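Chain by chain, the residues run as shown.
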Amino acid sequence: MNIDNLNFLLVEDHDFQRRALRRMLCTLGALNITDASDGLAALGAFQQAPLPFDICIIDLNMPGMDGMELVRHLAEANIQVSIILLSALDRALISSVETMVKAYGINLLGAIEKPATPAALGDLLNRFTQRHRQPAHASRSTSPEPTMNELLEALALDQFVLYFQPKADLLTGAISSAEALARWCHPVRGLIPPDSFIPLMEHHGLIDQLTEQIVAKTALAWRKWDSEGKRYEISINLSLSSLSNPGYAARLSSILEGNDIAPSYIVFEVTESAAMSDLPHSLENLARLRMKGYGLSIDDYGTGYSSMQQLIRIPFSELKMDRSFVTAACKDDAQVLVLASSLALAKELRLQSVAEGVETAADWRLLRRLECRYAQGYLIGKPMPQSDFLDGVALWDAAYSALPSDVRADPVPEDAGPAN
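Since the model is a prediction, treat every value here as computed from it, not as a measurement.

Trainee: What am I meant to see in the packing of helix α9 (residues 207–227) against helix α17 (residues 386–401) here?
Mentor: Working note: a packed helix pair is described by the angle between its axes plus the distance between those axes. The interhelical angle for the contact between α9 and α17, taken along N-to-C directions, is 45°, at an axis separation of 11 Å. Taken as axis vectors, α9 and α17 run oblique relative to one another. Judged by the sense of rotation from one axis to the other, the crossing of α9 with α17 is right-handed. Each of Ala 221, Lys 224 and Trp 225 in α9 lies in contact with α17, whose residues at this interface are Gln 386, Phe 389 and Leu 390. Tallied by class, residues from the contact of α9 with α17 come to four nonpolar, one polar and one charged.

Trainee: Would you mind going over the packing of aromatic side chains with me for this structure?
Mentor: When we look at a pair of aromatic rings, we describe it by the centre distance and by the angle of the planes. On inspection of all chains with the given rule, the structure shows 14 aromatic pairs. When the centroid spacing of 5.5 Å and the interplanar angle of 40° are considered together, the rings of Phe 160 and Trp 184 count as tilted. Highlighted residues: Phe 160 in strand β6 (residues 160–169) and Trp 184 in strand β7 (residues 175–186), separated in sequence by 24 residues. The two residues Phe 160 and Trp 184 agree in class, both being buried. Summarising the aromatic geometry, the rings of Trp 225 and Phe 389 are spaced 4.9 Å apart at their centres and angled 40° between planes, so their arrangement reads as tilted. Within this pair, whereas Trp 225 is found in helix α9, its partner Phe 389 is found in helix α17, the two being separated by 164 residues in sequence. Across the pair, Phe 389 and Trp 225 agree in class, each one buried. Members of the aromatic cluster, connected to one another through ring pairs, are Phe 164, Trp 225, Tyr 232 and Phe 389.

Trainee: What am I meant to see in the environment of Ala 41 here?
Mentor: Mapping Ala 41 onto the fold places it in helix α2 (residues 39–48). We classify Ala 41 as partly exposed; its relative accessible area is 34%. When the C-alpha positions of Ala 41 and Leu 70 are compared, they lie 9.9 Å apart, and in sequence the two are 29 residues distant.

Trainee: Please explain unusual backbone geometry as it appears in this structure.
Mentor: Glycine aside, the phi torsion of most residues is negative, and most peptide linkages are trans. Here Lys 114 and Pro 115 are connected by a cis peptide whose omega angle stands at 0°. Along the chain, the position of Pro 115 falls in the loop between β5 (108–113) and α5 (118–125). Positive phi is not limited to glycine here, since Asp 260 has a value of about 60°. Secondary-structure assignment places Asp 260 in the loop between α11 (248–258) and β10 (266–271). The backbone phi angle of Glu 371 is positive, close to 65°, even though this residue is not glycine. Relative to the helices and strands, Glu 371 is located in the loop between α16 (361–369) and β14 (374–376). On the accessibility criterion, Glu 371 (35% relative accessible area) is partly exposed.

Trainee: What is the right way to look at the environment of Met 100 in this model?
Mentor: Checked against the element boundaries, Met 100 lands in helix α4 (residues 91–103). The partly exposed category is assigned to Met 100, whose relative accessible area is 23%. Measuring from C-alpha to C-alpha, the distance between Met 100 and Met 68 comes to 8.7 Å, with 32 residues separating the pair along the chain. Once residues within four sequence positions are removed from consideration, Met 100 is found in contact with Met 68 and Val 71.

Trainee: Looking at this structure, how should I read α5?
Mentor: Residues separated by three or four positions in an α-helix point in the same direction, a consequence of the helix having 3.6 residues per turn. When we look at burial in α5, the residues that qualify are Leu 121, Gly 122, Leu 124 and Leu 125. Seen from one end, α5 has its buried residues packed into an arc of 160°, which puts them on one side. The secondary structure elements touched by the buried residues of α5 are β1 (7–11), α1 (15–28), β3 (55–59), β4 (82–87) and β5.

Trainee: Help me out: how do you make sense of the sheet that holds strand β2 (residues 32–36) in this one?
Mentor: The pairing of strands in a sheet happens through backbone hydrogen bonds and is either parallel or antiparallel. In space, the five strands of this open sheet follow the order β2-β1-β3-β4-β5, with parallel pairing throughout. With one partner strand each, in any of the chains shown, β2 and β5 form the two edges of the open sheet. Shown here is a sheet whose adjacent strand axes are inclined to one another by a mean of 15°, direction ignored. Bridging between β1 and β3 involves four bridges; their strand directions are parallel. Bridged to Leu 10 within β3 is Ile 57. With respect to the sheet, α1 is in contact with β1, β2, β3 and β4, its orientation differing from that of β2 by roughly 170°. Each of β1, β2 and β3 is contacted by α2, which is oriented at about 160° to β1, the strand it contacts most.

Trainee: Looking at this model, I keep getting lost on the pairing of β1. Mind explaining?
Mentor: Two faces, one strand: in a regular strand the side chains alternate between the faces of the sheet. Counting buried residues along β1, five of its five residues qualify, which places the element largely inside the surrounding structure. Burial along β1 is two-sided: the residues Asn 7, Leu 9 and Val 11 and Phe 8 and Leu 10 are all buried. Pairing between β1 and β2: five bridges, direction parallel. Within the sheet, the bridge partner assigned to Phe 8 lies in β2 and is Ile 33.

Here is what the cut-offs are and how they apply
Going along each chain's sequence as written, the residues are numbered from 1 onward. Residue-level local features of this predicted model are given only where pLDDT is at least 70; pairs of side-chain atoms are given and counted only at 80 or more, and the full residue set underlies all totals for whole chains, interfaces and linings. Only hydrogens and water are removed before side-chain values are computed, so all heavy atoms of the structure are retained for them. Axis lines are fitted to C-alpha atoms, over the contacting stretch for helices. Their N-to-C directions set the angle, which ranges from 0 to 180 degrees. A run of H or I in DSSP counts as a helix once it spans at least four residues, and a run of E counts as a strand once it spans at least two, with each numbered from the N terminus. What sets the label is the angle itself: under 35 degrees gives roughly parallel, over 145 gives roughly antiparallel, 65 to 115 gives roughly perpendicular, and the rest give oblique. Should the near helix be turned anticlockwise from the far one by less than a right angle, the crossing is termed left-handed; should it be turned clockwise, right-handed. Only heavy atoms enter the contact rule, under which two residues are in contact if any of them lie within 4.5 Å. Basically, the charged four are Asp, Glu, Lys and Arg, the nonpolar ten are Ala, Val, Leu, Ile, Met, Phe, Trp, Tyr, Cys and Pro, and anything else, Gly included, counts as polar. Ring pairs are drawn from Phe, Tyr and Trp, using the six-membered ring of Trp, whenever the two centres fall within 6.5 Å, and their geometry is named by plane angle: stacked under 30 degrees, edge-to-face over 60, tilted for the rest. Only protein chains enter the accessibility calculation, which uses a 1.4 Å probe; a residue is then buried when its area is under 20% of its type maximum, exposed when over 50%, and partly exposed in between. By definition, the arc is the one covered by directions from the helix axis to the C-beta atoms. At least two DSSP bridges between two strands are needed for those strands to be called paired.

Such coordinate-based values are descriptive only and should not be taken to indicate function.
This is how it looks when you write it as C-alpha cells:
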C-alpha cells in the first residue's frame, strides 16, 4: 500500500492517542500528517492547508466541537475528504454516526473502535482508491450525458446486452438462478453500466422499450441454456413507471409465452426504493403477472417506502434483502437482529429469501445460520456475459467445495425448503 503521497489530518483531543495514531500512519508509510486537537482546530487546518487533505481521521467524542459537528461543517462547506471515524462509544451509536456521515454525502472509509490498531487502520486505508485520491479542485473528465436521440439509436441498433449474476442456494451451494442485468455496449464509450442510462430511459419514456428488449433477450438466453440441459430461474428488473401502463403485464407475458418459457422460471423484481405513483394500475399489472405464475420479488427490501405495507398489498413471492443489511450485520450485532427479523418475517409470509452483497465466507456462514435461502454477490460471481455464465457456474462449484466445512455444513432445519 503506497500512501506516501497522501495528506492526513488527525483530529483527536487525547495527546497520547494522537501520537500513537501518528506512529501507526508513519509505520504504514504516511509522510504528510497534520494534527488537530478538536473540531474547531480541524476546520482551521482545512482552511490553512496548502494542499487538500485526502483522509481525515476523526475522534467522535471531543470537548468543544466534537466529531459529529465537525462532519456537519465539512459537509456544509462541501469539503471533499475521505473520513475514518474513531471512537470508544457503543457500537450501535457508531453505526448511527456512520449512517449520518453517508447521508451527508461524505466518503466514509469506515470506523475503528478504540484502541486503534495498525491492522485496522491499514485495512481502511486500503479502501482508498485512486478515485478518492483526486483533489476536489482537480478537473474531471466525464462523458456527456446521453441524449434522447442516442438512447433511441441504441434501442434501434440493439446495443443493449445482458449480463447475468448468479445466485446460489445457501442449503446446497448449487446455482439454479440468476439476475439479468442490462449493459449498454456503446461503440465509442465502451460498456456503460445501468446507473448511467436507466434513469434517463425512465425520464424520456423509453424504459418500456428497453425492458421488452431485456425480456426478449432473457428468453433467448434461457432457451439456449435449456438446449444444453441447463435450466435457470432468471430475475428481471421492472420499472415502476412501466407498471403504471395498463396492459403492460400482458405485453411481457406475450413475449415470454411466444418463447415457450414456463412462468415458474421467471421472477420480476420491483425495487422498493421508489414509490408507486399510479397504485391501481401498478397493482393490477403485478397481480396479473403473479396470477399467470410468474414470481414477484421486492428488491432492496428495507431501504424504501413502507416495507410492511408493500409486503401486505402486493402478492410477492420473494423478499430480496438489500446489500447494506448483509454488510452491516457482519459488523454489528444489532444489525444481525434486524436482518434476522426480516428473514423470519419472510419465512412466516412463506416468501423465498435472497440476500444481496454476499462477498465473504463470513457473510455466507451468517446467512445460513439465519436461514436465508439464496445468496447473490461477488463471493458467488460478478455479473458476467451470457457466454461466460456456465464457466462462472463451474468456477463457483469449485470454489464452494473449497470453502471451510463449517461454512458449507451449518445445521439447517429439515423443513427449510422452498417456500413456494
